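Chain and residue survey
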Amino acid sequence: MEKQTIVSGIRASGSLHVGNYLGALKQFVELQNQGHHCYFFIADLHGLTTPFEPKKLSKDTLDVAATYLAAGIDPKKSVFFLQNHILEHATLAWIFNCLLPLSELERMTQYKDKAKQHKENINAGLLTYPALMAADILMYKPTAVPVGEDQVQHVELARVVARKFNHKFGKTFPEPHTFLRKPLRIMSLSDPAKKMSKTGDEALLLDDEPKEISRKLKKAVTASESGKASAGVENLFLLLEHFGKQEQIAYFRDAQRNNSLKFSELKETLAKEVAGYFAEFRAQKKALLEQPEYLAEILGEGARKARTVAQSTLQEIKHRIGLL
Ligand code: TYM
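Residues numbered from 1 in each chain as written. Predicted model: local features only at pLDDT ≥ 70, side-chain atom pairs only at ≥ 80, totals over all residues. Heavy atoms only, no water.

1. Notes on unusual backbone geometry
Despite not being glycine, Lys141 has its phi angle at roughly 45°, a positive value. Checked against the element boundaries, Lys141 lands in the loop between helix H6 (124–138) and helix H7 (152–169). In this structure Lys141 comes out as partly exposed when scored by relative accessible area, which is 26%. In this model, Asn259 sits at a positive phi of 60°, which is unusual for a non-glycine residue. Mapped onto the elements, Asn259 comes out in the loop between helix H10 (246–257) and helix H11 (263–277). Exposure remark for Asn259: the relative accessible area of 73% places this residue in the exposed category. (Helix = DSSP H or I, 4+ residues; strand = E, 2+ residues; numbered from the N terminus. Buried < 20%, exposed > 50% of the residue type's maximum accessible area, 1.4 Å probe, protein only.)

2. Here's the deal with the sheet that holds strand S2 (residues 37–43)
Read across the sheet, three strands follow the order S1-S2-S3 without closing on themselves; strand pairing throughout is parallel. Where the open sheet ends on each side, the last strands, each with one partner, are strand S1 (5–11) and strand S3 (78–82). Taken pair by pair, the neighbouring strands of this sheet meet at an average axis angle of 15°, ignoring direction. Note that S1 and S2 share seven bridges and pair parallel. The residue bridging Ser8 from the neighbouring strand is Phe40, located in S2. (Pairing = 2+ DSSP bridges. Axes fitted to C-alpha atoms, helices over the stretch in contact; angles between N-to-C directions.)

3. Remarks on the domain arrangement of the protein
Taken domain by domain, the protein consists of domain 1 (5–184 + 291–321) and domain 2 (187–290). Computed over C-alpha atoms, the centres of domain 1 and domain 2 are 28 Å apart. For the pairing of domain 1 and domain 2, the buried interface totals around 2,000 Å² over both sides, and the portion due to carbon and sulfur atoms is 67%. For domain 1, the biggest contributors to the area lost against domain 2 are His17, Val18 and Gln291; these three give 29% of the whole. Taken together, the links from domain 1 to domain 2 amount to two salt bridges. (Domains from an automatic or database assignment. Buried area = accessible area lost by both parts, 1.4 Å probe. Salt bridge = Lys/Arg side-chain N within 4 Å of Asp/Glu carboxyl O.)

In structure tokens, the structure reads:
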């Protein structure tokens, strides 16, 4: 198998949910364990684009660090670091800002959604978010970027940036693929027309205790609109396909075909499987959060490794564009 160079990140904004896990983190661990060259980071600078509180930001960053490690990221195998520790990311983002037309940034779906959601704080960082993301990615010249479906548009923009840069200044960056597999979208439990996000009762958090998982799933919307297959039910099946057993999936699919599907039974089974799947994760994460110095040490070591690569890439780029 040819070794790929993989880069991806997760924002530092509260506890992660099963969407983040299935769309991103689980793939990170698999790719790492297949022996690819992996760079994984916490996008704490991106966390500043939506309203935040300093104390909570620090706490959330450590929380996400513990989540990565408890889920199986091994700092001996992957380069694991904080985005803000590598100053080169912000410099490269500025260079890309000067290369990207405003119109490309304005048409990004996430920008349009967030600008609607945070009308009181449509800051410039929200608009130039993809330039920083392109810098995060291209800095390490990856061949693949594992993300959930909602981030595909941003990875595509990073490819556009790579192409533009190469065209203008000579071949510097490979154009990374979004990923090797089909990107995934897990939907909200309370409004299955929306993607699962980090707020409210709509998200199953990786930290949720069994009772909480059960409570949230019980409330999950299963109603269908005008006889169409219910998006909520399909979302529950999608989760069962990832967390349940083959025979459970077959059993509930059969029941669905025979119109005898009991949502309460499906939800109970799913709750049990999800709770079991993350039991060890929860215990490990708790233990890691009790050792903040250890987490800081790991992130410091990761930053040293990432910095060496980032400094060399930035040097090459500066040379190409004529910065002394
Ligand atoms: P973030 O923190 O919003 O999400 C982290 C990862 O989780 C995926 N994801 C989902 N996948 C499936 N279903 C969902 N409901 C769901 N919700 C979130 C996201 O697609 C993402 O892969 N901009 C990025 C962070 C970032 C980054 C990067 C990623 C910064 N620089 C460079 C890759 C490369 C973000 O906001 O992720």
